[in-house]
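Take a look at the letters that make up each chain.
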Amino acid sequence: MGEVIYLPTAARQTTDPADYKGLTKSEIARLEAIRDNVEALLNMVAGIRRDPEAVAYAAARFGLMRMYYLHGRAATMAFADRCIETAEIAEDISQR
């Protein structure tokens, strides 16, 4: 479903995964599995409830609020912006 998106820390301002040395391949695989499992659960709930918009809002609210408490406003906003940029790129590619 994609690659892990890295949040820059105060000490490291890079957002390029090639420059990031903090995670091992097994840690990246673990995070990707968590992400994929959560997405599968959210898709299942959206189908059962027949309300994908409500599920998206609830998941986004939970995620953004949790990230804010863990990483602060700037990193959370940057993460959300990168997610939207990724969705726009995927949309552009699918229209070709």
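Owing to the predicted nature of the structure, the values given are computational and were not obtained by experimental measurement.

**A look at the packing of helix H1 (residues 25-49) against helix H2 (residues 52-71)**
Running from amino to carboxyl end, H1 crosses H2 at an angle of 140°, the nearest separation of the two axes being 8 Å. Considering the angle they form, H1 stands oblique to H2. H1 and H2 meet at a crossing whose hand is right-handed. Counting all contacts with H1, which are made through Leu42, Val45 and Ala46, the residues of H2 involved are Pro52, Val55 and Ala59.

**Considerations on the side chain of Thr76**
The residue Thr76 is located in helix H3 (residues 73-94) in this model. Setting aside its immediate chain neighbours within four residues, Thr76 contacts Leu64, Met67 and Tyr68.

**Observations regarding the pattern of salt bridges**
Enumeration according to the criterion identifies 1 salt bridge in this entry. The closest approach of N and O atoms between Arg35 and Asp36, which form a salt bridge, is 2.9 Å.

**So, unusual backbone geometry**
One non-glycine residue with positive phi stands out, namely Arg50, at about 55°. Relative to the elements of secondary structure, Arg50 occurs in the loop between H1 and H2.

**Comments concerning the packing of H2 against H3**
Where H2 meets H3, the closest approach of the two axes is 7 Å, and the angle between their N-to-C directions is 140°. As the angle between them shows, H2 and H3 are arranged oblique. For the element pair H2 and H3, the recorded crossing hand is right-handed. Residue-level inspection shows Leu64, Met67, Tyr68 and His71 of H2 in contact with H3, the latter providing Arg73, Ala75, Thr76, Phe79 and Ala80. Grouping the amino acids of the contact of H2 with H3 by side-chain chemistry returns 6 nonpolar, 2 polar and 1 charged.

**Observations regarding H2**
Under the 1.5 Å per step criterion, the end-to-end length of H2 is 27 Å for 20 residues, consistent within 8% with the ideal 28 Å. Positioned one or two residues after H2, Gly72 has a phi angle of 90°, which is positive.

Rules used in this analysis
Residues numbered from 1 in each chain as written. Predicted model: local features only at pLDDT ≥ 70, side-chain atom pairs only at ≥ 80, totals over all residues. Heavy atoms only, no water. Axes fitted to C-alpha atoms, helices over the stretch in contact; angles between N-to-C directions. Helix = DSSP H or I, 4+ residues; strand = E, 2+ residues; numbered from the N terminus. Parallel < 35°, antiparallel > 145°, perpendicular 65-115°, else oblique. Left-handed = near helix turned anticlockwise from the far one by under 90°. Contact = heavy atoms within 4.5 Å. Salt bridge = Lys/Arg side-chain N within 4 Å of Asp/Glu carboxyl O. Nonpolar A, V, L, I, M, F, W, Y, C, P; charged D, E, K, R; others polar. Expected span 1.5 Å × (residues − 1).

Read these as spatial facts, not as claims about activity.
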